[in-house]
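Chain and residue survey
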Amino acid sequence: MRAPDLRRLADIHELRPAFLSAYLDLSRGVDQSFVRKRSKEIGNALAGRREELAVFEEAFARLERMLEDEVPSDGGLAVFIGPAANLFETYRLPGQPEMRLVFDSSPYIKPLVALHHEFEEYIVVVLDRSHARIFLVAHYEILDEDEVCEEIVRHHRHGGMSQMRFQRLHAGYVDRFFKEVAEHLVREVERCKCQGRLRGIVLAGPKDAKTAFEKYMPADLRKLLVGKVDEPADVPAGTVVRAAHPIVREHERAAEGEMIERLRGEILRGGLAAYGFDQVREAVASGRADVLIVQAGFSLPGWRCEHCRNFGTGSPQRCPACRKEPVFVDAVEELVELALDMGTQVEFQPADCGIAELGGVGALLRY
Ligand SMILES: [Zn+2]
């Protein structure tokens, strides 16, 4: 599955509403009544704005044509259509996204950003002492598979070989084999890291083989180890990926919990943290924000000035900076787009983790 280039999507803007963004839950097929209802609402809101209405109708017709064709029958779909910018992109989504149809001056990407970990890659190594498979996985899909085999002397057929000599020989083969697997793993990790999105490594296989192999992993690779699964070495790839996925997720959740604790600690100390929309917006805009933490599903009524790219909460008549007329938008979407633009890491957290009490958004600061 193709991972979205979020920074590029965040950077697409027109001066007027020109992009149709759709998030569709396909678990029960295409919900035509939702699509038609939202289309009617958007059409009504654009009454009297002939050019924008024409763009919307063109984009909507394109969406309808797409939905008439083959669409996946499970999970979700995100679609971005901008006829003028020649934009037409679709992404499969895991689970069931909240249904949305948005027409705005930029693609509406906040729900997609919230799912970004799902598109990132992780590595599953399945091995025993003679055979290893290295899977590169994203979004339950195996993107790449590497296999390492070593012929092992299983029986000492030559009468002259003592049991002890056989064991020494065998240990030597295993040692060489594990070293080779570790080299393959290092190469795979380096390739992933170049693209900057490795979630971790899961080791699978019979118990003793995993423990023995761990010692062959360089220290920096061991740091990436997020869990182990006991499986027979010949486990089908699909089974081991399904077993590994929740382990990767659980590890991420723990790391995110630590991030919230760090935010809370920094706030209590009056340290490197910001919270509440205005403070966080300032921190992101000035490049001081290292990580932006957003409450999942959180939005704030706000405005954006397409002339000077200023934005904020509330509904002013004029942009405070350039006095042009603003458009009304979700201020949190704007904050997320700005953060992506500034290279700030963006993480979404459930409301009950404490982020709601901090005003729905927080930031860990670099300085
Ligand atoms: Zn302005």
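Notes on the structure in this doc start here. (Residues numbered from 1 in each chain as written. Predicted model: local features only at pLDDT ≥ 70, side-chain atom pairs only at ≥ 80, totals over all residues.)

**Considerations on the overall build of the chain**
- Across its full length, the chain carries 11 helices and 16 strands.
- A principal-axis box enclosing the C-alpha atoms of the chain has dimensions of 95 × 55 × 30 Å.
- Classification of the 367 residues of the chain by burial places 34% in the buried group.
- Partitioning the contacts of the chain with sequence separation of at least 6, the portion at a separation of at least 24 is 69%. (Helix = DSSP H or I, 4+ residues; strand = E, 2+ residues; numbered from the N terminus. Buried ≥ 20, exposed ≤ 12 C-beta atoms within 10 Å, placed from the backbone. Contact = placed C-beta atoms within 7 Å.)

**Some points on the sheet that holds strand 12 (residues 301-304)**
- If you walk across this open sheet you meet the 3 strands as 13-12-14, and the pairing is antiparallel. Edge positions in the sheet fall to strand 13 (311-313) and strand 14 (327-330), since each has one partner strand and no second. Averaged over all pairs of adjacent strands, the angle between strand axes in this sheet comes to 35°, irrespective of strand direction.
- Relative to strand 14, strand 12 runs antiparallel, the two sharing 4 bridges. Bridge pairing links arginine 304 to valine 327 in strand 14.
- Relative to the sheet, helix 11 (residues 331-341) contacts strand 12, strand 13 and strand 14, its axis offset from that of strand 14 by approximately 75°. (Pairing = 2+ DSSP bridges. Axes fitted to C-alpha atoms, helices over the stretch in contact; angles between N-to-C directions.)

**Some details on helix 3 (residues 50-68)**
- A rise of 1.5 Å per residue sets the reference length of helix 3, with its 19 residues, at 27 Å; its end C-alpha atoms lie 27 Å apart and thus fit the reference within 8%.
- Turning to helix 3, its buried residues number three or more, namely Val55, Phe56, Ala59, Phe60 and Leu63. For helix 3, the angular spread of the buried residues around the axis is 130°, confining them to a single face. Residues Arg50, Glu51, Ala54, Ala61, Arg65 and Glu68 are exposed on helix 3 and point more than 90 degrees away from its buried face.
- Packed against the buried residues of helix 3 are strand 1 (19-25), helix 2 (32-45), strand 2 (76-82) and strand 4 (100-104). (Expected span 1.5 Å × (residues − 1). Arc of directions from axis to C-beta.)

**As for the pairing of strand 16 (residues 361-365)**
- When you tally the buried positions in strand 16, you get 4 out of 5 residues, the bulk of the element.
- Where strand 10 (residues 273-275) lies against strand 16, 3 bridges are found, and the strand directions are antiparallel. Pairing of tyrosine 275 across the sheet is with glycine 362, part of strand 16.
- Relative to strand 16, strand 11 (residues 289-295) runs antiparallel, the two being bridged by 5 bridges. Paired with isoleucine 293 across the bridge in strand 16 is glycine 362.

**Examining the nonpolar core**
- Membership of the largest hydrophobic core comes to 57 residues, with the highest contact counts inside it found for Leu20, Val280, Leu292, Val294 and Ala363.
- Counting residues per element, this core draws most heavily on helix 11, at 6 residues.
- Here this core spans two domains, and each of domain 1 (1-109) and domain 3 (272-367) adds at least three residues to it.
- If we skip the residues at most four places from it in the chain, leucine 20 touches Phe56, Ala59, Phe60, Leu63, Ile81 and Phe103.
- Ranked by size, the runner-up nonpolar core spans 30 residues in total, among them Val125, Phe135, Val181 and Val226. (Core = buried A, V, L, I, M, F, W, Y, C linked by C-beta atoms within 7 Å. Domains from an automatic or database assignment.)

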